[in-house]
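# Notes for the structure review
The residues making up each chain are set out below.
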Amino acid sequence: MSHKLETKAIRTQMERSQFSEHSTPMHLTSSFVFEDAEEMRAAFAEEKQRNIYSRFTNPNTSELVAKVADMEGAEDGVSYATGMGAVFGTFAALLDSGDHIVSARSVFGSTHSTFTKFLPKWNIKTSYFDIAKPEQAEALIQPNTKIIYAETPTNPGVDIIDLAFLGELAKKHNLILVIDNCFATPYLQQPIKFGADLVIHSATKLIDGQGRVLGGVTVGRKDLIRELYLFARNTGSALSPFNAWVLSKSMETLPVRVDRHCQSAITVAEFLESHPKINWVKYPFLKSHPQYELAKKQMSQGGSIIAFEVKGGLSAGRNFFDNIKLLSLSSNLGDSRTIVTHPASTTHSKLTLQDREAVGITDGMVRLSIGLEHPEDIQNDLAQALEKI
Ligand SMILES: *Cc1c(COP(=O)(O)O)cnc(C)c1O
């Protein structure tokens, strides 16, 4: 029987031990023991699925992966020490020297650095299309293209990319569609329904949701996941069982937390939109968002991230940041604490000014990750800081 997302987030679980634990037990062990030589041989020959060594699998990492895969409608998955471990591990496992990627221009800062600084070491090049014009992507496809890559909503601009369009394009050209679904979480959007082959999460963000641990997961097609698993198992990007336990427990509250994040975010986004000291606000479920209709089609709610620009450029922006009292000035997102970030000087500072402008990261742009404090307190802190600029 198929359950709803909220139930999957709680009830997808590992086998219990002889102690019949109700909650998920923690398995802090680097290796596992065998009864005899035959059992050990069969395990290494993969004739029998079982844990051997925690660099390969561990009950806690397997439970986390199973939950994310179940919610995403994926066949299987692999976990990684960080979200970037998942991004790099996915590319490294699937691409050969000389292969080519077609990517949306607006991607997470470190993913951008992976494309521009590291993958070229193995002669893997990337061509970019504008998020608002995915139809440009088809012209970029070359005989050696293997992957189409995008994140939606994007970090930090919260732009929306048409998943169904990319799904059809990938199918038509027999390419692997990889989607970074970090901002939406497996609760708000399931890219596999729209044709994605692999879905990546930085579990560090809303999956943990409390700013404690790092983690990453890639889920999707079984044949591709097999490649990813063998690469990860041998090259050592394993997620620690402790972090996997934290993340799997966090998954149980993901839907209720995300519901609250989204309710508060739309309230704050509407407040900012009506504020005279603000140039523009972008939030997927605001009617003024250029891709509002598309967001409604592929997401069930708008998420926890708002982008906006204060009037008065860099100096007004700095003034605004310096007057924030309650909220956190930090670079993380998807936390129970509301976080205010200045992407141009932090997460996306490694991009050239030209690259930043191409993806809409202006000097005065602020990224707001709405937390779980009372929305009135979030709004009041923003209001008093805006008064001072
Ligand atoms: C944070 C983030 C990542 C990287 O995740 P880490 O866990 O920090 O390595 C990748 N993609 C997006 C969209 C992110 O926000």
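Just so it is clear, the structure is predicted and the values come from calculations on it, not from any experiment.

The rules behind each value
- Residues numbered from 1 in each chain as written.
- Predicted model: local features only at pLDDT ≥ 70, side-chain atom pairs only at ≥ 80, totals over all residues.
- Heavy atoms only, no water.
- 1 Å grid on protein atoms, 1.4 Å probe; cavity = no way out; pocket = protein on both sides within 12 Å on 5 of 7 lines; lining within 4 Å.
- Points joined across faces, edges and corners; volume = space filled by probe spheres on them.
- Helix = DSSP H or I, 4+ residues; strand = E, 2+ residues; numbered from the N terminus.
- Nonpolar A, V, L, I, M, F, W, Y, C, P; charged D, E, K, R; others polar.
- Domains from an automatic or database assignment.
- Near = heavy atom within 4 Å.
- Polar contact = N/O pair within 3.5 Å; in protein donor to acceptor, adjacent residues only side chain to side chain.
- Areas by Shrake-Rupley, 256 points an atom, 1.4 Å probe, with all protein chains shown as cover.
- Sits in = over half its atoms within 2 Å of the grid points.
- Contact = heavy atoms within 4.5 Å.
- Pairing = 2+ DSSP bridges.
- Axes fitted to C-alpha atoms, helices over the stretch in contact; angles between N-to-C directions.
- Salt bridge = Lys/Arg side-chain N within 4 Å of Asp/Glu carboxyl O.
- Buried < 20%, exposed > 50% of the residue type's maximum accessible area, 1.4 Å probe, protein only.
- Left-handed = near helix turned anticlockwise from the far one by under 90°.
- Buried area = accessible area lost by both parts, 1.4 Å probe.

Of the pockets and cavities examined, the largest pocket occupies roughly 1,400 Å³. Residue lining of the largest pocket: 43 residues in total, with Gln-49, Arg-50, Asn-51, Thr-57 and Ser-62 positioned closest to the centre. When residues of the lining of the largest pocket are traced back to their parent elements, those giving at least two are helix H2 (37-44), helix H3 (59-72), strand E1 (76-80) and helix H9 (222-235). There is about 340 Å³ of room inside the second largest pocket. Around the second largest pocket sit 23 residues that line it, and Gly-83, Met-84, Phe-108, Ser-202 and Lys-205 are the ones nearest its centre. Per-class residue counts for the lining of the second largest pocket are 9 nonpolar, 10 polar and 4 charged. No fewer than three residues from each of domain 1 (5-99 + 139-149 + 168-251) and domain 2 (254-387) sit in the lining of the second largest pocket.

Turning to the site of the ligand, a few remarks are in order. Surveying the vicinity of the ligand reveals 13 residues, the closest of which are Gly-83, Met-84, Asp-180, Thr-204 and Lys-205. One nitrogen or oxygen atom from the side chain of Asn-155 is found 3.1 Å from an oxygen atom belonging to the ligand. Thr-204 has a polar side-chain atom sitting 2.6 Å from an oxygen atom of the ligand. Notes on the ligand: free accessible area 380 Å², of which the protein chains cover 92%. For the ligand, the cavity whose grid points lie within 2 Å of the majority of its atoms is the second largest pocket. Of the residues assigned to the shell around the ligand, the class counts are 4 nonpolar, 6 polar and 3 charged.

This brings us to the side chain of Thr-12. Mapped onto the elements of the fold, Thr-12 is located in the loop between helix H1 (5-11) and H2. Within polar-contact distance, the side chain of Thr-12 engages the backbone oxygen of Lys-8 at 2.9 Å. Side-chain polar atoms of Thr-12 contact the side chain of Asp-70, separated by 2.8 Å. In contact with Thr-12, not counting residues within four places along its chain, are Thr-7, Glu-63, Ala-66, Lys-67 and Asp-70.

A word on the sheet that holds strand E12 (residues 365-369). Ordered by their spatial adjacency, 5 strands build an open sheet running E8-E9-E12-E11-E10, and the pairing between neighbours is mixed. A single partner strand is all that each edge strand has here, and the edge strands are strand E8 (278-282) and strand E10 (328-329). Pairing analysis gives 3 bridges linking strand E11 (residues 339-341) to E12, with the strands arranged antiparallel. Looking at the pairing, Val-340 lines up with Leu-368 of E12.

On to the sheet that holds strand E3 (residues 125-129), then. Strand pairs in the sheet, formed through backbone hydrogen bonds, run parallel or antiparallel to each other. A sheet is described by the order of its strands in space; here 7 strands give the open sequence E1-E7-E6-E5-E4-E2-E3, paired in mixed fashion. Either end of the sheet is taken by a strand with one partner, and the two such strands are E1 and E3. With direction set aside, neighbouring strand axes in the sheet form an average angle of 20°. In this structure, strand E5 (residues 176-180) lies alongside strand E6 (residues 198-202), joined through 3 bridges in parallel fashion.

With that settled, the discussion passes to the pattern of salt bridges. Counting across every chain of the model gives 16 salt bridges. Between Asp-99 and Lys-146 there is a salt bridge, and its shortest N-O distance comes to 3.7 Å. Note that Asp-99 is positioned in the loop between helix H4 (83-94) and strand E2 (100-104) and Lys-146 in strand E4 (residues 145-151), a separation of 47 residues in sequence. Classification of Asp-99 as buried rests on a relative accessible area of 13%. The class for Lys-146 is partly exposed, based on a relative accessible area of 27%. Here Lys-172 makes a salt bridge to Glu-138, at a shortest N to O gap of 2.7 Å. Of this pair, Lys-172 sits in helix H7 (residues 163-172) while Glu-138 sits in helix H6 (residues 137-140), and the two are 34 residues apart along the sequence. We classify Lys-172 as exposed; its relative accessible area is 59%. Looking at Glu-138, the relative accessible area reads 31%, which means it is partly exposed.

By the element assignment, Gln-136 lies in the loop between E3 and H6. Residue classification places Gln-136 among the partly exposed positions, given a relative accessible area of 29%.

Attention shifts here to the packing of H3 against helix H10 (residues 241-273). Orientation of H3 relative to H10, taken along the N-to-C sense of each, is 35°, at an axis distance of 7 Å. In terms of crossing hand, the pair formed by H3 and H10 is left-handed. Taking contact as the criterion, the partners of Asn-60, Thr-61, Glu-63, Leu-64, Lys-67, Val-68 and Met-71 in H3 are, on H10, Pro-241, Ala-244, Trp-245, Leu-247, Ser-248, Met-251, Glu-252 and Leu-254. Of the residues belonging to the contact of H3 with H10, the class tally is 9 nonpolar, 3 polar and 3 charged.

Split into domains, the protein comes out as domain 1 (5-99 + 139-149 + 168-251) and domain 2 (254-387). With centres defined by C-alpha atoms, the gap from domain 1 to domain 2 works out at 30 Å. Contacts between the two partners involve 21 residues from domain 1, matched on the other side by 20 residues from domain 2. The largest share of the area that domain 1 buries against domain 2 comes from Tyr-187, Leu-188 and Leu-206, three residues that together contribute 37% of it. Mapped onto the side of domain 1 that touches domain 2, the elements with two or more residues apiece are H1, helix H8 (185-188) and H10. It is H8 that contributes the most residues to the side of domain 1 that touches domain 2, 4 residues altogether. Residue composition of the side of domain 1 that touches domain 2, by class: 11 nonpolar, 7 polar and 3 charged.

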